[in-house]
Amino acid sequence: MKSISKPEIREKSWARAIATPAQEFPLTPLKIIAGNLPPGLRGTLYRNGPGRLTRGETRVGHWFDGDGAILGVHFTGTDSRALYRYVQTAGYQAEEAEDRLQFAGYGTLPPGPLWKRFGKGVKNAANTSVIALPDKLLALWEGGHPHGLDLETLETFGLDNLEGLERDWPYSAHPKRDPQTGEIYNFGVSPGKTTELHVYRSNNRGQIQKQAAFDLEGMPLIHDFVMAGPYLIFVIPPVRMSLLPALLHLKSFSDSLTWHPELGTQILVIDRSSLELVSRGEAEPWYQWHFGNASVNRSGEISLDLVRYEDFQTNQYLKEFATLETETAAKGTLCRVRLNPKTGKVIATETIIDRHCEFPSVDFREVGQEWRYTYLSLHREGVELGREPLGAIGRFDYQTGHLTEAPIPENCYPSEPIYAPDGDRAEQGWVLTVVYDANQHQSQVWIFDGDRLDEEPECRLALPGVIPLGFHGTWNAGS
């Protein structure tokens, strides 16, 4: 853990967004800076991310350990309002009361000498993603149960076991929802004498209907998975955790992870109806945090896209990010992988965008099906890799092979782009992103025409506070 360094904060324009804890704000009408609100844009944009990386004079040890805070932006077609609130986890409330770090995290050790660390719990930061259910919003995290929140007020209800999660079954941050049935699929990894991958199927209200468990070798790091037609695909990179030092708080979980390329990448294909294993395969070593989408073609092959890293240096970069000083160059490229679901073997891999990118996503109505467009965050051209965070967004067209990039000014940092269909015209859609404008030290919501992403935003809205650079969000059109 590191004390705040004010000279470093001034040196990096993006660092001002995360240097100090974000301030909550109540439901507030948003002022239009430029353009007009699309009348067919009706629903809510939710975003999650670490809102607080410090307590007192101490910073957390990894970007993944900041307290989760939710931004909700409600659109009616004629106006917009936003609010921003911290998820009131038990860990957040305890640390808020004493204004000091007390718990372990992914990359943070509990404070104090070694003998005082024993028995300290790991804080559920509720800071990674969200999913909107008919009656609540779930704030998601990697290593525990989700927290339920009110869809309108973002009031925290508390931990939610979804009527089926056992105490030690985590519910990960990247669920997949079938656009036809509304069924939700997710997973969690439980460490122990034998590490288990738990796979869940839920109804459209999030209630778990079926669960299956699969034994894993060692303790791998699995952040995301992908759905393709009747299959769920887990791609397990060769990262393994030394569990004992982490459990004893001799090392953080992050520092206990080691890259083992000799293990290769393991692939599990699961039937999403029966939750039975279809195949296990192996491929050359790589690492990925995120998938974009996947589908099954007419010949029965699976095509999926992911952001591929050649090693695990990306974790070091994300650790540095919390210190406000980054130097590790970790390049992720958009890749398409074809595999045989019956054998789990990779047929071919192809680099689609040979430029650092992250956070790939698609129109939620196309999840698990054939798709044309992948939306993603991009590294700005001409900027040194490892020094600056992602500073652009784009759309890749698989039909034409063309990458369309949005015009983002210098020192502006957009969040993961999220596609929102127009409520009046099914063929029309909007690309939403929350932008931190370091030139003005202000956060804004930018709305782009989905088919004219390379033109100026259709509308720019001023938010009443700075929203720190974060992770994932979702669009909820409501009922």
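Residues numbered from 1 in each chain as written. Predicted model: local features only at pLDDT ≥ 70, side-chain atom pairs only at ≥ 80, totals over all residues. Heavy atoms only, no water.

Asker: Explain the overall build of the protein chain to me, please; I cannot follow it from the model alone.
Answerer: Secondary structure summary: the protein chain contains five helices and 35 strands in total. Against the compact-globule benchmark of 23 Å for 479 residues, the protein chain has a radius of gyration of 21 Å, which places it among compact chains. For the protein chain, the proportion of contacts with a sequence separation of at least 24, taken over those separated by at least 6, is 60%. For the protein chain, the accessible area works out to roughly 19,100 Å², and carbon and sulfur atoms hold 46% of it. The protein chain carries 47 positive and 62 negative side-chain charges, and their two centres are separated by 3 Å. (Helix = DSSP H or I, 4+ residues; strand = E, 2+ residues; numbered from the N terminus. Rg over C-alpha atoms; globule rule 2.2 N^0.38 Å. Contact = heavy atoms within 4.5 Å. Areas by Shrake-Rupley, 256 points an atom, 1.4 Å probe, with all protein chains shown as cover. Lys, Arg positive; Asp, Glu negative; His and termini not counted. Charge placed at Lys NZ, Arg CZ, Asp CG, Glu CD.)

Asker: Can you help me understand the pairing of strand S26 (residues 357–361) in this one?
Answerer: Along any regular strand, the residues point their side chains to alternate faces of the sheet. Taking burial as the measure, the five residues of S26 include five buried ones, the bulk of the element. Taken together, the three bridges between S26 and strand S27 (residues 373–378) define a ladder with antiparallel strand orientation. Following the sheet pairing, Cys 357 is matched in S27 by Leu 378. (Buried < 20%, exposed > 50% of the residue type's maximum accessible area, 1.4 Å probe, protein only. Pairing = 2+ DSSP bridges.)

Asker: What is the right way to look at the nonpolar core in this model?
Answerer: Across soluble globular proteins, nonpolar side chains show a tendency to be buried alongside one another. One finds Leu 197, Leu 232, Phe 234, Trp 289 and Leu 469 to be the most contacted residues of the largest nonpolar core, which totals 64 residues. If near-sequence neighbours (up to four positions away) are discounted, Leu 197 is found in contact with Phe 187, Gly 188, Val 189, Ala 212, Ala 213, Phe 214, Leu 216, Ile 222, Phe 234 and Leu 268. In this structure, Val 445, Cys 459, Leu 461 and Ile 467 belong to the second largest nonpolar core, which totals 26 residues. (Core = buried A, V, L, I, M, F, W, Y, C linked by side-chain atoms within 4.5 Å.)

Asker: It is not clear to me how the sheet that holds strand S25 (residues 345–353) should be interpreted in this structure. Could you clarify?
Answerer: Paired through their backbone hydrogen bonds, the strands of a sheet run either parallel or antiparallel. Pairing is antiparallel in the open sheet, where four strands are placed in the order S22-S23-S24-S25. Sheet topology places strand S22 (291–296) and S25 at the edges, where each strand pairs with a single neighbour. Here the average twist between neighbouring strands, direction ignored, is 20°. In this structure, strand S24 (residues 333–340) lies alongside S25, joined through seven bridges in antiparallel fashion. (Axes fitted to C-alpha atoms, helices over the stretch in contact; angles between N-to-C directions.)

Asker: I would appreciate a short explanation of empty space enclosed by the protein in the present structure.
Answerer: Rolling a probe over the atoms, with the probe sized like a water molecule, indicates the empty space that remains. Following the criterion strictly, the structure yields one cavity of 30 Å³ or more and no others. Considered as a void within the structure, the largest cavity measures approximately 70 Å³ in volume. What lines the largest cavity is Val 60, Phe 64, Asp 65, Glu 95, Leu 101, Phe 103, Ala 104, Gly 105, Thr 108, Lys 123, Ala 125 and Trp 141. Each residue belonging to the lining of the largest cavity can be placed in one class, and the counts come to seven nonpolar, two polar and three charged. (1 Å grid on protein atoms, 1.4 Å probe; cavity = no way out; pocket = protein on both sides within 12 Å on 5 of 7 lines; lining within 4 Å. Points joined across faces, edges and corners; volume = space filled by probe spheres on them. Nonpolar A, V, L, I, M, F, W, Y, C, P; charged D, E, K, R; others polar.)

Asker: Can you help me understand the sheet that holds strand S3 (residues 42–52) in this one?
Answerer: Spatial strand order, S1-S7-S6-S3-S35: five strands in an open sheet with antiparallel pairing. Looking at which strands have only one partner, the edges of the open sheet turn out to be strand S1 (25–29) and strand S35 (473–476). Averaged over all neighbouring strand pairs, the angle between strand axes comes to 15°, with direction disregarded. Bridge count between strand S6 (residues 67–76) and strand S7 (residues 80–86): seven bridges; the pairing is antiparallel. Paired with Ala 69 across the two strands is Tyr 86, which belongs to S7.

Asker: Is there a simple way to think about the side chain of Glu 320 in this case?
Answerer: On the secondary structure map, Glu 320 appears in helix H5 (residues 313–321). Salt bridges are absent for the buried Glu 320, whose nearest opposite-charge side chain, Arg 387, sits at 7.7 Å. Side-chain polar atoms of Glu 320 contact the backbone nitrogen of Glu 327, separated by 2.9 Å. Beyond its immediate stretch of four places on either side in the chain, Glu 320 contacts Glu 325, Thr 326, Glu 327 and Thr 328. (Salt bridge = Lys/Arg side-chain N within 4 Å of Asp/Glu carboxyl O. Polar contact = N/O pair within 3.5 Å; in protein donor to acceptor, adjacent residues only side chain to side chain.)

Asker: Got a minute to help me understand helix H2 (residues 90–98) in this structure?
Answerer: Each α-helix winds once per 3.6 residues, and so residues spaced three or four apart point in a common direction. Every buried residue belonging to H2 is among Gly 91, Tyr 92 and Glu 95, and all of these are buried. Mapping the buried residues of H2 onto a view down its axis gives an arc of 100°, with all of them on the same face. Structural note: H2 exposes Ala 90 and Ala 97 on the side pointing more than 90 degrees away from its buried face. Turning to H2, the residues buried within the fold contact strand S4 (54–55), S6 and S7. (Arc of directions from axis to C-beta.)

Asker: What's the story with the pairing of strand S15 (residues 208–216) in this structure? I'm lost.
Answerer: Strand direction decides the pairing type here: strand S14 (residues 195–202) and S15, joined by eight bridges, are antiparallel. Opposite Ser 202, over in S15, you have Ile 208 as the bridge partner. From the end of S14 to the start of S15, which pair antiparallel, there are five residues, and Gly 206 there has a positive phi angle of about 90°.

Asker: How should the packing of aromatic side chains be read in this particular structure?
Answerer: Where two aromatic rings form a pair, the distance of their centres and the angle of their planes describe that pair. Tallying each qualifying case throughout the model produces 24 aromatic pairs. Plain terms: the ring middles of Trp 289 and Phe 312 are 6.2 Å apart, the flat faces sit at 45° to each other, and that makes the pair tilted. Placement of Trp 289 in the loop between strand S21 (277–283) and S22 and of Phe 312 in the loop between strand S23 (302–308) and H5 is noted, with a sequence separation of 23 residues between them. Under the relative-accessibility criterion, Trp 289 is labelled buried at 4%. The exposure class of Phe 312 is buried, given its relative accessible area of 8%. Ring plane angle 50° and centroid distance 6.1 Å describe the contact between Tyr 317 and Phe 321, whose orientation is recorded as tilted. Of this pair, Tyr 317 and Phe 321 both sit in helix H5, four residues apart, which is roughly one turn of the helix. (Phe/Tyr/Trp six-rings, centres within 6.5 Å; stacked < 30°, edge-to-face > 60°.)

Asker: Teacher, can you tell me more about the layout of surface pockets here?
Answerer: For the second largest pocket, the calculated volume is near 1,100 Å³. If you trace the second largest pocket, you find 46 residues lining it, with Arg 177, Phe 364, Val 367, Thr 474 and Trp 475 closest to the centre. Mapped by element, the contributors of at least two residues to the lining of the second largest pocket are S3, strand S8 (129–132), strand S12 (176–177), strand S16 (226–228), S22, S26, strand S31 (418–421) and S35. Grouping the constituent residues of the lining of the second largest pocket by class yields 23 nonpolar, 16 polar and seven charged.

Asker: What is the right way to read the environment of Val 60 from this model?
Answerer: Along the chain, the position of Val 60 falls in the loop between strand S5 (58–59) and S6. When its relative accessible area of 7% is taken as the criterion, Val 60 is described as buried. Setting aside its immediate chain neighbours within four residues, Val 60 contacts Leu 53, Asp 65, Gly 66, Leu 101, Thr 108 and Ala 322.

Asker: Even after reading the chapter, I still don't get a nonpolar patch on the surface, so can you show me in this structure?
Answerer: Together, Leu 114, Trp 115, Phe 118, Leu 244, Leu 248 and Leu 250 line one region of the surface with nonpolar side chains, adding up to about 620 Å² of accessible area. With respect to the helices, strands and loops of the structure, Leu 114 is situated in helix H3 (residues 114–117). (Patch = residues over 30% accessible without salt bridge, like charges linked within 9 Å, V, L, I, M, F, W, Y side chains within 5 Å.)

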